[in-house]
Amino acid sequence: MTQSQQLTQHFTIPPEHAGKRLDQSLAELLPSYSRSRLQSWIESGHILLAGAAASRKQKVWGGESVQVTPEALPEENAYQAEDIGLNVVYEDASILVIDKPAGLVTHPGAGNWQGTLLNALLHYLPAAATIPRAGIVHRLDKDTSGLMVVAKTLEAQTQLVRDLQARTVKRIYWAVALGIFPRVEGSIDAPIGRHPTQRVKMAVHAQENPTCKAALTYWKVLKQFPRAAWVECRLATGRTHQIRVHLTHLGHPLLGDPVYRGKNQPPGLPPFQRQALHAVRLGLKHPESGEEMEWEAPPPQDFADLLITLENSNAS
């Protein structure tokens, strides 16, 4: 049981606390909670003084009754089942393959403690609560759509992680990247780690180190348009933001990418409200049977419309 799940507490301000501020008194009386947390509870009405709401700076004089109803921190409620619809492409006793929509966060984290794929999995597969990360073995960025595999058993998860590390899982993406590519295909073999000054970004680094890992992406231009290209990318590794970082490093950031391209609309191109990236194909060896399996997910409507618009502008 977490602290926030405990029953409401009732007690009386001792006379020796006379003249103290309410938050000071509570910090001494409830040392298991931080002062900032107690202050937030006072402000949100989860702490009542003499049966009424109070301010944290309010003085106490001893003898007042206090009622504390602990409020859960967002992260304490992160691993809760939520009825969020999933587009299931394939399912058996060992694995689940889904087509994740853009806008769905994969795993709870700062700013996104609820409404994630993990919460949806806990509702769809209650037994996933017994598996680390509810069976998730790889991620897609919030605004990237497409195919993901989820393990339904611990054994399947262990094998899939091994296969990902061995680079035997095939993950192919479609992207729309800015600019004119000088070649039809190529590869980018450049380590990726946290950006040295901008913590929300990743970046290419000169060499591997404990916080910067090897990253390899193969790319092929499917169609070159006047100001952008429809590009297919195959991941050999799976670093955070890998395709977005690697293509930006080449000078071809993704259309609609607010982190690596910026929020300004590039001239001569249709607006797009997210990074233009979709996980279109997924191939793997089944973790139990060993059978080679592969799935394909057509791009969502916004991505399909984007390609049509680019094709029409190319023809005009």
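Residues numbered from 1 in each chain as written. Predicted model: local features only at pLDDT ≥ 70, side-chain atom pairs only at ≥ 80, totals over all residues. Heavy atoms only, no water.

K.L.:
Sorry, what's going on with the overall build of the chain here?
P.N.:
From N to C terminus, the chain includes 6 helices and 16 strands. Here the C-alpha atoms of the chain give a radius of gyration of 25 Å, more than 25% beyond the 20 Å that 2.2 N^0.38 yields for 316 residues. Dimensions of the chain along its principal axes, counting C-alpha atoms only, are 80 × 50 × 40 Å. Each of the 316 residues in the chain was classed as buried or not, and the buried ones make up 44%. For the chain, the proportion of contacts with a sequence separation of at least 24, taken over those separated by at least 6, is 64%. Of the roughly 15800 Å² that the chain leaves accessible, carbon and sulfur atoms contribute 51%. Across the chain, 32 positive and 30 negative side-chain charges occur, with their mean positions spaced 8 Å apart. (Helix = DSSP H or I, 4+ residues; strand = E, 2+ residues; numbered from the N terminus. Rg over C-alpha atoms; globule rule 2.2 N^0.38 Å. Buried < 20%, exposed > 50% of the residue type's maximum accessible area, 1.4 Å probe, protein only. Contact = heavy atoms within 4.5 Å. Areas by Shrake-Rupley, 256 points an atom, 1.4 Å probe, with all protein chains shown as cover. Lys, Arg positive; Asp, Glu negative; His and termini not counted. Charge placed at Lys NZ, Arg CZ, Asp CG, Glu CD.)

K.L.:
In this structure, what is going on with the sheet that holds strand β10 (residues 192-194)? I would like to understand it.
P.N.:
Adjacent strands of a sheet pair through backbone hydrogen bonds, lying either parallel or antiparallel. Pairing in this open sheet of 3 strands is antiparallel, and the strands run β11-β10-β12 from one edge to the other. Pairing within the sheet leaves two strands with one partner each, and these edge strands are β11 (202-204) and β12 (212-213). Bridge analysis of β10 against β11 gives 3 bridges, and the strand direction is antiparallel. Across the sheet, residue Arg-194 finds its bridge partner in β11, namely Met-202. Against the sheet, helix α5 (residues 242-249) makes contact with β10 and β11, and its axis sits at roughly 45 degrees relative to β11, the strand it touches most. (Pairing = 2+ DSSP bridges. Axes fitted to C-alpha atoms, helices over the stretch in contact; angles between N-to-C directions.)

K.L.:
Is there a simple way to think about the pattern of salt bridges in this case?
P.N.:
Proximity of charged atoms lets side chains of opposite charge pair with each other. Here the structure, examined in full by the defined rule, presents 12 salt bridges. Among the ionic pairs, Lys-152 bridges to Glu-91, the shortest N-O distance being 2.8 Å. Of this pair, Lys-152 sits in the loop between β7 (145-151) and α4 (154-165) while Glu-91 is found in strand β5 (residues 88-91), placing the two residues 61 residues apart along the sequence. For Lys-152, a relative accessible area of 23% translates into the label partly exposed. With a relative accessible area of 32%, Glu-91 lands in the partly exposed category. Glu-311 is the salt-bridge partner of Lys-223, the closest N and O atoms lying 2.7 Å from each other. Residue Lys-223 is located in strand β13 (residues 216-224), and its partner Glu-311 is located in helix α6 (residues 301-315); the two are separated by 88 residues in the primary sequence. Each of Arg-21, Asp-23 and Arg-35 takes part in one network of salt bridges that share partners. (Salt bridge = Lys/Arg side-chain N within 4 Å of Asp/Glu carboxyl O.)

K.L.:
Would you mind going over the confidence of the model for the chain with me for this structure?
P.N.:
Across the chain, the average pLDDT comes to 91, with 94% of residues at 70 or higher. Here residues 1-5 is modelled with pLDDT under 50, and outside its nearest four sequence neighbours on either side it reaches 11 contacts, counting other chains as well. (pLDDT = per-residue confidence, 0-100.)

K.L.:
Is there a simple way to think about the sheet that holds strand β4 (residues 65-68) in this case?
P.N.:
Taken together, the 4 strands give an open sheet; going across it, the order is β1-β4-β2-β3, and neighbouring strands pair in antiparallel fashion. Unpaired on one side and paired on the other, β1 (9-12) and β3 (52-53) mark the two borders of the sheet. Note: strand β2 (residues 47-49) against β4, 3 bridges, orientation antiparallel. By the bridge assignment, Leu-48 is partnered in β4 with Gln-67.

K.L.:
Teacher, can you tell me more about the nonpolar core here?
P.N.:
Burial of nonpolar side chains together is a common tendency in soluble globular proteins. Judged by nonpolar contacts, the single largest core of 31 residues is most densely connected at Phe-181 and Leu-247. Mapped onto this core, the elements with two or more residues apiece are β6 (95-100), α3 (117-124), β7, β8 (170-178), β13, β14 (228-235), α5 and β15 (277-285). (Core = buried A, V, L, I, M, F, W, Y, C linked by side-chain atoms within 4.5 Å.)

K.L.:
What's the story with the packing of aromatic side chains in this structure? I'm lost.
P.N.:
Both the distance between ring centres and the angle between the ring planes are used here to describe each pair of aromatic rings. What the rule picks out here adds up to 5 aromatic pairs. With a centroid separation of 5.0 Å and 85 degrees between ring planes, the pair formed by Trp-174 and Trp-230 is classed as edge-to-face. With Trp-174 in strand β8 and Trp-230 in strand β14, this residue pair connects regions lying 56 residues apart in the sequence. According to the relative accessible area criterion, Trp-174 is buried, its value standing at 14%. Between Phe-272 and Phe-303, the aromatic rings sit 6.4 Å apart at their centres with planes inclined by 90 degrees, giving edge-to-face as the arrangement. Residue Phe-272 is found in the loop between α5 and β15, and its partner Phe-303 is found in helix α6; the two are separated by 31 residues along the sequence. We note that Phe-272, like Phe-303, is buried. (Phe/Tyr/Trp six-rings, centres within 6.5 Å; stacked < 30°, edge-to-face > 60°.)

K.L.:
Help me understand unusual backbone geometry in this model?
P.N.:
Negative phi characterises most residues that are not glycine, and trans characterises most peptide bonds. The phi dihedral of Arg-133 falls on the positive side, at around 55 degrees, and the residue is not glycine. You can see Arg-133 is positioned in the loop between α3 and β7. The backbone phi angle of Arg-167 is positive, close to 65 degrees, even though this residue is not glycine. The residue Arg-167 is located in the loop between α4 and β8 in this model. Assessed through its relative accessible area of 44%, Arg-167 is described here as partly exposed.

K.L.:
Explain the environment of His-252 to me, please; I cannot follow it from the model alone.
P.N.:
Of note, His-252 is situated in the loop between α5 and β15. When residues no more than four places from it in sequence are discounted, the contact partners of His-252 are Ala-177, Leu-178, Gly-179, Ile-180, Phe-181, Pro-182 and Leu-247. In this structure the side chain of His-252 is engaged in a polar contact, spanning 2.7 Å, whose partner is the backbone oxygen of Leu-178. (Polar contact = N/O pair within 3.5 Å; in protein donor to acceptor, adjacent residues only side chain to side chain.)

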